[in-house]
Every structure is written in C-alpha cells, then in structure tokens.
Amino acid sequence: MVVRSTVRWAATHGAMRLAIRARARAGNPDAEVLVDPGVREDPYAHYERLRTAAPLTGGAFARVSVHHDVCTDVLRSDDFGQIGGSRTEGLPPVLAAALRLAGPRPSVGPIDAPSMLAVDPPEHTRYRRLVTRAFSARAVARLRDRTEAIADELLDDLERRAVANGGRVDLVARYASLLPVTVISEVLGVPVAMREQFLAWGDGATPSLDMGVDLRTHRSVERNLGELDAWFREHLRHLRRSPGEDLLSTLVGTADDDGSGLTEHELLATAALVFGAGFETTVNLVANGAALLFAHPDQRRLLAADPSLWPNAIDEVLRVESPVQRTGRRAKRDTTVHGVPIAEGELVLCLLAGANRDPRVFADPHAFDVTRANARDHVAFSSGIHYCLGAALARMEGEVALRALFQRFPGLAAAGPGRRRRTVVLRGYESLPALVPSLTRTG
C-alpha cells in the first residue's frame, strides 16, 4: 500500500510539483503562491500581477483568470466541465501507465468521481437533487434558531475558558470550528460527540484539494481519507438497521443495486462530501470574518450601530477573504473564452479570490466595507450548476456566529497574529488567538 501510494503521488502531485516549482523560479506569480507559504499569507498582490488586459494569462500549470466576467462565464458555460473523471487524462503516457499500475485510492476522495465536485450532468444532477431539499432557504430558516442556541452554548464555554486563561481563547479551536461541525452533524444525523475527531479528519484531508503537495502531506491525506471512509461505511450500515429522520438516513434509503438509486460508492461519496463541505469552508468564513473585524474597528462600530448590516457584512467577508480561493474547469470541446481559443481537454483556472477583487466590478476592491452595495456579487460560492449547495446555510451560520460573538464580547480583540492554514485552495486560520478584556455581557 505504501508503494502504491508513493507511485500515485509521483505520477500526479510529484510531477506537478516539479512543474510548478520550475514556473515559480521563472517568476510566475500563480506558481509562487502555490509553492511559497510566505506568499500565501497575503496572495492578493500576486493575483493582481495576473490582472492583465487579456482575459486569460499563464498560470502555474493552466491558463488562469482573475477577471470577474471571465470566471463567471467559464463557470456557467456548458463547454466546460469538472476536472474529475479519468485520473490519467492529460498525463504523459509514462505517468498515466504508472498511475494505472498503482490503482485508484482505496477510499473516497472529495475530488474523485463520483463526488459531486468531480462529475457533470446527468450524474451531478441526480446526486444534487437528493440533497438539495436539506439546504433550501426554507430548511435553513428552520435551522436558524437551533444555530443561535448552539452559538450561545459555545460562547458560554468560551467565556468559562477565557476566565480560566486570563481572558485568552483560540477562536478557531473553541468556536469557529465547532459551530458549523455541530450544525451539519445534527442535520445529517452524525454523532455530535465525535465532532473533534471529524475536525481532525477534515483538517488532514483538505490538502487533497491542492495540487503538487509533498509526499508526507499526500500520505497524511490518504490516511485521513481512509479513516473517514471506514467510519462512514460503518455508520451507514448502522443507519440501514436503525434509520432516523436525518438526511443520511434518507440517502441510505435511496441506495440499492438495481440502478434506480445510489450505488454504495455513490452513497459514500455523496455522504462524505456533503458532510465535509458542510463545515470546512464555514470554519474559514467565521475565522476570516473575525480577523477582518479585528483589523477594522470602524466596521465593527458600524455593525454595532446598525445590526441590519450583518447579512451584507458576511457577503463582504466572503468577497474580501474567499474561503475557496480557486477552482478549475476542463474544456469538453473546442471553444473560445472572450475571444481566446481553448482546445478540448484544456484546463482553465478561475481565481475566485482575484475575481472578487476585480476593480471593474467592485470600487476600491481591496477595502473591507460592510456597507458595500454590491458585496453579494462575489463568486466565492462559484457559479453555474456547481454553485455551492450549502451557500444559504454558510451565510446563515456566518451571520449567527459572528454577530453573536461580537455582541456577547464587544471588547474582543486579537491576542497576537493568527496562524494561517497551509492549504492553497482553502483559505482560513488554524489558530486565531483572542483576548476578552471584559467579561460583561451585552444584550
């Protein structure tokens, strides 16, 4: 298994890693973001170097765009599809042969078919239809009261910890991560008592979204995905014996062998993806939002004076610090993008974080402004048929979490620099130390 894992890494991430590093040495700004953790601390200046007059420019391994209109059009175009599918597609023959020899990863991954992130219609349409109802606007509205109760419970615990630690707390470990994982666990019927383990598995698996990771990270990803896969297999067996009223029980009820429902592999992929996506990006949204509000006390004062601004503030957080920084599409046929010919099979990378700071769409695009009239025009949730299924849930959770946090602790302040996650596609914090100077509650 170790040999097969190493071969899989060498044929994909290893080869890609060499190519990206070569591009970085040549001064390519996109490649520099991918290989240099220091650059990733604040990648936006590098994204601006890609903002040429041309709709597309050369990235680390594909054509890229930071233009809002170009990214939107690519994401909505029927001429483009997800990058998933054949894992050997686009590889040199020797690498494709090595990857076939090593075999597929034994566990389900978020970017491998039949994950919704890796397939197009009709499969994507079928999978999405099965879970959409749980994330509709009406369903999310019903969840709001419960989310507010969870936030209050977590803030009670945060307050106790602050008292015991001289006012210091880690907002990621004790709040930003726990709120969304608790909510999605209850929605899906997953044991909330395991939320710390789920967070650990999720943290270990998220580098699977990146390209060119090192061998140690690759092995960690495969180990964490394997452990999560094994747990879900056993949990789904339990739900077959004792189903509940939750979404996973409903999905289990659609699984059969006659072709009319989900196959076992499809069930595992859908369940694991919906669960992981249900908290991973929202953790980043809440932590990014807290950090932005620490850095912009004038915006905090605006929100305190007019709480009706909170929904718009969440969209501005999503715009300025996109939890998902980039996504790619593969051309399904020969086509053009804003006059640029694109060959069948060619990759186009949409830098969502760059598109969300397009000066042609957003005035003073690098400024954080909770009153921005068109903040909601961001593409942080992608666009087209792959628009984030949980967008309404993420917005609601972000608003509830941040509003409750700053209303409970109006004097909350940063207690030193946060530590960023090492991932490229997902942007957030591993740790965000904060200080509660006064433990007096406000209404």
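Worth saying up front: this structure is predicted, and the values here are computed from it rather than measured. (Residues numbered from 1 in each chain as written. Predicted model: local features only at pLDDT ≥ 70, side-chain atom pairs only at ≥ 80, totals over all residues. Heavy atoms only, no water.)

## Digging into the overall build of the protein chain
Here's step 1: On a plain count of helices and strands, the protein chain comes out with 19 helices and 12 strands.
Here's step 2: For 443 residues, the compact-globule formula gives about 22 Å, and the C-alpha radius of gyration of the protein chain, at 22 Å, lands near that figure.
Here's step 3: In terms of its C-alpha atoms, the protein chain occupies a principal-axis envelope of roughly 65 × 60 × 40 Å.
Here's step 4: Counting over 443 residues, the protein chain shows a buried share of 54%.
Here's step 5: Long-range pairs, those at least 24 residues apart, make up 72% of the contacts in the protein chain between residues at least 6 apart in sequence.
Here's step 6: Split by element, the accessible area of the protein chain, about 19,000 Å² in all, is 55% carbon and sulfur.
Here's step 7: Each charge class in the protein chain was averaged separately, 55 positive and 54 negative side chains, and the resulting centres sit 3 Å apart. (Helix = DSSP H or I, 4+ residues; strand = E, 2+ residues; numbered from the N terminus. Rg over C-alpha atoms; globule rule 2.2 N^0.38 Å. Buried < 20%, exposed > 50% of the residue type's maximum accessible area, 1.4 Å probe, protein only. Contact = heavy atoms within 4.5 Å. Areas by Shrake-Rupley, 256 points an atom, 1.4 Å probe, with all protein chains shown as cover. Lys, Arg positive; Asp, Glu negative; His and termini not counted. Charge placed at Lys NZ, Arg CZ, Asp CG, Glu CD.)

## Overview of the layout of surface pockets
Here's step 1: The volume enclosed by the second largest pocket comes to roughly 550 Å³.
Here's step 2: Forming the walls of the second largest pocket are 24 residues, and the residues nearest its centre are Arg40, Val213, Asp214, Thr217 and Arg422.
Here's step 3: Secondary structure elements with two or more residues in the lining of the second largest pocket: helix 1 (2-25), helix 2 (29-35), helix 3 (37-40), helix 11 (195-205) and helix 12 (215-241).
Here's step 4: When the residues that make up the lining of the second largest pocket are grouped by side-chain class, the tally is eight nonpolar, six polar and 10 charged. (1 Å grid on protein atoms, 1.4 Å probe; cavity = no way out; pocket = protein on both sides within 12 Å on 5 of 7 lines; lining within 4 Å. Points joined across faces, edges and corners; volume = space filled by probe spheres on them. Nonpolar A, V, L, I, M, F, W, Y, C, P; charged D, E, K, R; others polar.)

## What about the pattern of salt bridges?
When the charged atoms of two side chains with opposite charge come close together, those side chains can pair.
Here's step 1: Within the structure shown, the criterion is met by 34 salt bridges.
Here's step 2: As a salt-bridge pair, arginine 395 and aspartate 315 come within 2.9 Å of each other at their nearest N and O atoms. With arginine 395 in helix 19 (residues 391-408) and aspartate 315 in helix 17 (residues 310-320), the pair connects residues that are 80 residues apart, well separated along the chain. Taken individually, arginine 395 and aspartate 315 each receive the classification buried, so the pair is uniform in this respect.
Here's step 3: Glutamate 321 is the partner of arginine 420 in a salt bridge, and the nearest nitrogen-oxygen pair spans 2.9 Å. Of this pair, arginine 420 sits in strand 10 (residues 419-420) while glutamate 321 sits in the loop between helix 17 and strand 5 (327-331); the two residues are 99 residues apart in sequence, bridging distant segments of the chain. (Salt bridge = Lys/Arg side-chain N within 4 Å of Asp/Glu carboxyl O.)

## Brief notes about the pairing of strand 8 (residues 347-350)
Here's step 1: Both strand 2 (residues 63-65) and strand 8 contribute to a ladder of three bridges, which runs parallel. Within strand 8, the position partnered with arginine 63 by the bridge is valine 348. (Pairing = 2+ DSSP bridges.)

## Thoughts on the pairing of strand 5
Here's step 1: Counting buried residues in strand 5 gives five out of five residues, a clear majority hidden from the surface.
Here's step 2: Because side chains alternate across strand 5, one face comprises the buried residues Thr327, Arg329 and Ala331, and the other comprises Gly328 and Arg330, equally buried.
Here's step 3: By the bridge criterion, two bridges tie strand 3 (residues 80-81) to strand 5 in an arrangement that is antiparallel. Residue glycine 81 lies in a different strand from strand 5, and its bridge partner there is arginine 330.
Here's step 4: Where strand 5 lies against strand 8, four bridges are found, and the strand directions are antiparallel. Residue pairing for strand 8: glycine 328 is matched across the bridge by leucine 349.

## Observations concerning the side chain of arginine 51
Here's step 1: Within the element layout of this structure, arginine 51 appears in the loop between helix 4 (44-49) and strand 1 (57-58).
Here's step 2: Within the local environment of arginine 51, its side chain forms a polar contact with the side chain of glutamate 48, the two groups lying 2.9 Å apart.
Here's step 3: Within the structure, the side chain of arginine 51 is placed 2.9 Å from the backbone oxygen of valine 66, a separation counted as a polar contact.
Here's step 4: Those residues in contact with arginine 51 that lie beyond four places of it in its chain are Val66, His67, Gly354, Arg357, Asp358 and Pro359. (Polar contact = N/O pair within 3.5 Å; in protein donor to acceptor, adjacent residues only side chain to side chain.)

## Details of the packing of aromatic side chains
For any pair of aromatic rings, the description rests on two quantities: the centre-to-centre distance and the angle between the ring planes.
Here's step 1: Inspection of the entire model under this criterion finds nine aromatic pairs.
Here's step 2: Arranged with centres 5.2 Å apart and planes meeting at 85 degrees, the rings of tryptophan 231 and phenylalanine 232 form a pair that is edge-to-face.
Here's step 3: Take tryptophan 231: its relative accessible area is 16%, and that puts it in the buried class.
Here's step 4: Aromatic pair phenylalanine 294 and phenylalanine 406: ring centres 5.9 Å apart, planes at 75 degrees, arrangement edge-to-face. You can see phenylalanine 294 sitting in helix 15 (residues 280-295) and its partner phenylalanine 406 sitting in helix 19, a full 112 residues away along the chain. Of the two residues examined, phenylalanine 294 and phenylalanine 406, each falls in the buried class.
Here's step 5: Here the aromatic residues Phe198, Trp201, Trp231, Phe232, Phe275 and Phe279 are joined through ring pairs into a cluster of three or more.
Here's step 6: Sitting over the ring of tyrosine 429, arginine 420 keeps its end group 3.9 Å from the ring centre. (Phe/Tyr/Trp six-rings, centres within 6.5 Å; stacked < 30°, edge-to-face > 60°. Lys NZ or Arg CZ within 6 Å of the ring centre and 35° of its normal.)

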